[in-house]
Number of protein chains: 2
Amino acid sequence: MKRVLLIVAYDGTEYCGWQIQPNAITIEEVLNRELSSLLKEEITVIGASRTDSGVHAMGNVAVFDTESRIPAEKISYALNQRLPQDIVVQESREVPLEFHPRYTDTRKTYEYRIYNATHPMPLNRRYSHFVYYDLDVDLMQAAANYLIGEHDFASFCSANSQVKTTVRTIYSLDVIRDGHEVIIRINGNGFLYNMVRIIAGTLIQVGNHLYEPERVGWMLEQKDRSASGPTAPAKGLTLVKIDYLS
Amino acid sequence: MKRVLLIVAYDGTEYCGWQIQPNAITIEEVLNRELSSLLKEEITVIGASRTDSGVHAMGNVAVFDTESRIPAEKISYALNQRLPQDIVVQESREVPLEFHPRYTDTRKTYEYRIYNATHPMPLNRRYSHFVYYDLDVDLMQAAANYLIGEHDFASFCSANSQVKTTVRTIYSLDVIRDGHEVIIRINGNGFLYNMVRIIAGTLIQVGNHLYEPERVGWMLEQKDRSASGPTAPAKGLTLVKIDYLS
């Protein structure tokens, strides 16, 4: 038996997120189905990040165990022949049998994309959140700076999340304007449920002069979801990559 | 009566191009239908560029005449409420009654996008042509340089085109790599039928070492479509903008 790691990219538009659920199509379900069909055994993947409905990925990670003699590196090519066009495995490789994609130290990078113009642009409508009021990116960056470092992010976490601790570390959080696009790029050691989308929703309010940047420091201190801003829509969010440290 | 100019953006994936045709949905048809419904009179748009099936636009141009008292600048907002999400008017404004979008001197800018990696990326699959062999962008630029200037582009024009002259001027033609993306950006005073896609298909062959860059100079001299490379797929092509000079 061997354990195989997949780097998985997907357009989340047509899926109800990663995790299998009844009466809805998910990324995990499609991978299990096509891997089982390809390898002719019952395959169950374990995902690193159970992204929400509508969220995209360039580099989510999944592992599975197989008795197959197909070399691990070849599986990506064979699997992509079977997968729909909106799910593409970028790489497959063998990892130690004890490797677990969630119980291993990681740094994850997410991007939240905003299209900031008078009218929407059809060519990015699936991957960007459209905002028509002019965003002040300098204010957004000033607010973002309060979130960098180790903090209790209880204010930036949806209420239905069940975790032992809401302390996380953000290593970098950059707000970049590129023409009409505003990109929030965030790197951290883990993210709570809806955390990136609540950060994005809050920074958008700051960029629209509804909150002062300093208010984000106050939000952190409250440790209460009602203190922070709205949850930005799923379609603007992309899991860019997961780096494994050990 | 007034003449109104529209700057029209669209994702061409679901359309059989710009121009009205039987039994197929086109951009022109959707604009005519929604403008007529909004303005409560029979509206017929005249497009600047009759893009092919599957080709995208960020800035195609159309004009139409109307008796409506709605200010020209407001029409974009009202029209976008009615249009599908994959067609969005970026701007509307009044122009002189004698303005014609095709019989006026213009410079058009197109981009042809290639995604050059081992596996496709789902997030750009609608807007990029996927090429898995490693493209040599320096060779592509060397070949592109032969096409800059005024030339007879008969070799870079599909046979079924009916035009008075195949002489056109390309002002700039840049081949740019940005990570896994290769972007061919071209600016000229007019383009023959399939000209940008044949140029892109030819430059891809050069980037794959199938033709020497100098061969593109020879292709121009032949004035024969069979001398040049294949027509690259429509989905990689976007009409970026049209600048009117007079």
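Residues numbered from 1 in each chain as written. Chains lettered and ligands numbered in written order. Predicted model: local features only at pLDDT ≥ 70, side-chain atom pairs only at ≥ 80, totals over all residues. Heavy atoms only, no water.

**Considerations on the pairing of strand β5 (residues 106-116) of chain B**
Residues and elements named next belong to chain B. To keep things clear, this is the line we draw: Any residue under 20% of the maximum accessible area for its type is buried, any over 50% is exposed, and the rest in between are partly exposed; the area is computed with a 1.4 Å probe on protein chains only. The numbering of helices and of strands both runs from the N terminus, where a helix is a DSSP run of H or I of at least 4 residues and a strand a run of E of at least 2. When DSSP finds at least two bridges between two strands, those strands are taken to pair.
Within β5, 9 of the 11 residues are buried, which leaves it mostly tucked inside the rest of the structure. As paired elements, β5 and strand β10 (residues 237-244) share 7 bridges and run antiparallel to each other. Counterpart to Thr 109 in the pairing with β10 is Lys 241. Bridge analysis of β5 against strand β9 (residues 181-188) gives 8 bridges, and the strand direction is antiparallel. Bridge pairing links Tyr 112 to Ile 184 in β9. In the sheet, β5 pairs with strand β6 (residues 129-131) via 3 bridges, with the strands oriented parallel.

**Structural notes on the packing of helix α3 (residues 137-144) of chain A against helix α4 (residues 195-207) of chain A**
Residues and elements named next belong to chain A. Selection rule: To define axes, lines are fitted to C-alpha atoms, for helices over the stretch in contact only, and angles between the resulting N-to-C directions are given on a 0 to 180 degree scale. Angles below 35 degrees are treated as roughly parallel, those above 145 as roughly antiparallel, those between 65 and 115 as roughly perpendicular, and all remaining angles as oblique. Crossing handedness: left-handed means the near helix sits turned counterclockwise from the far one by under a right angle, and right-handed means the same turn made clockwise. Contacts are assigned to residue pairs with any non-hydrogen atoms lying within 4.5 Å of each other. Any residue that is not Ala, Val, Leu, Ile, Met, Phe, Trp, Tyr, Cys, Pro, Asp, Glu, Lys or Arg is counted as polar, Gly included; the first ten are nonpolar and the last four charged.
With their axes 8 Å apart at the nearest point, α3 and α4 run at an angle of 135 degrees to one another. Between α3 and α4, the interaxial angle falls into the category oblique. The handedness of the crossing between α3 and α4 is right-handed. Contacts between α3 and α4 involve Leu 139, Met 140, Ala 143 and Ala 144 from the first element and Leu 203, Ile 204, Val 206 and Gly 207 from the second. Split into classes, the residues belonging to the contact of α3 with α4 amount to 7 nonpolar, 1 polar and no charged.

**Examining the confidence of the model for chain A**
Let me state the cut-off plainly: Per-residue confidence from the predictor is reported as pLDDT, which spans 0 to 100.
The share of residues in chain A with pLDDT of 70 or more is 99%, and the mean pLDDT across the chain is 96. For this predicted complex, the interface confidence comes out at an ipTM of 0.93, alongside a pTM of 0.94.

**What about the interface of chain A and chain B?**
Here is the rule we go by: Accessible area that two parts lose when put together, with a 1.4 Å probe and added across both, is what the buried area reports. A carboxyl oxygen of Asp or Glu within 4 Å of a side-chain nitrogen of Lys or Arg is what we treat as a salt bridge.
Residue-level contacts link 27 residues of chain A with 27 residues of chain B. Summing both partners gives a buried area of about 2,100 Å² for chain A against chain B, and 63% of it is carried by carbon and sulfur. When the area that chain A buries against chain B is broken down by residue, the three leading residues are His 119, Leu 123 and Arg 125 of chain A, summing to 33%. At the junction of chain A with chain B, the criterion picks out 2 salt bridges. Two residues, Asp 11 of chain A and Arg 125 of chain B, come together in a salt bridge whose shortest N-O distance is 3.0 Å.

**Some words on the side chain of Lys 2 of chain A**
All names here are of chain A. For clarity, the cut-off: In this tally, Asp and Glu contribute negative charge and Lys and Arg positive charge; neither His nor the terminal groups of the chain are included. N or O atoms closer than or at 3.5 Å make up a polar contact, with two conditions inside protein: a donor-capable atom paired with an acceptor-capable one, and, for residues adjacent in sequence, both atoms drawn from side chains.
Looking at where Lys 2 falls in the secondary structure, it is placed in strand β1 (residues 2-10). Despite its burial, Lys 2 pairs with no opposite charge, the nearest such side chain being Glu 94 at 5.1 Å. Separated by 3.3 Å, the side chain of Lys 2 and the backbone oxygen of Ser 68 make a polar contact. One polar contact links the side chain of Lys 2 to the main-chain carbonyl oxygen of Ile 70, over a distance of 2.7 Å. Setting aside residues up to four positions removed in sequence, Lys 2 forms contacts with Phe 64, Asp 65, Thr 66, Ser 68, Arg 69, Ile 70, Pro 71, Ala 72, Glu 94 and Leu 97.

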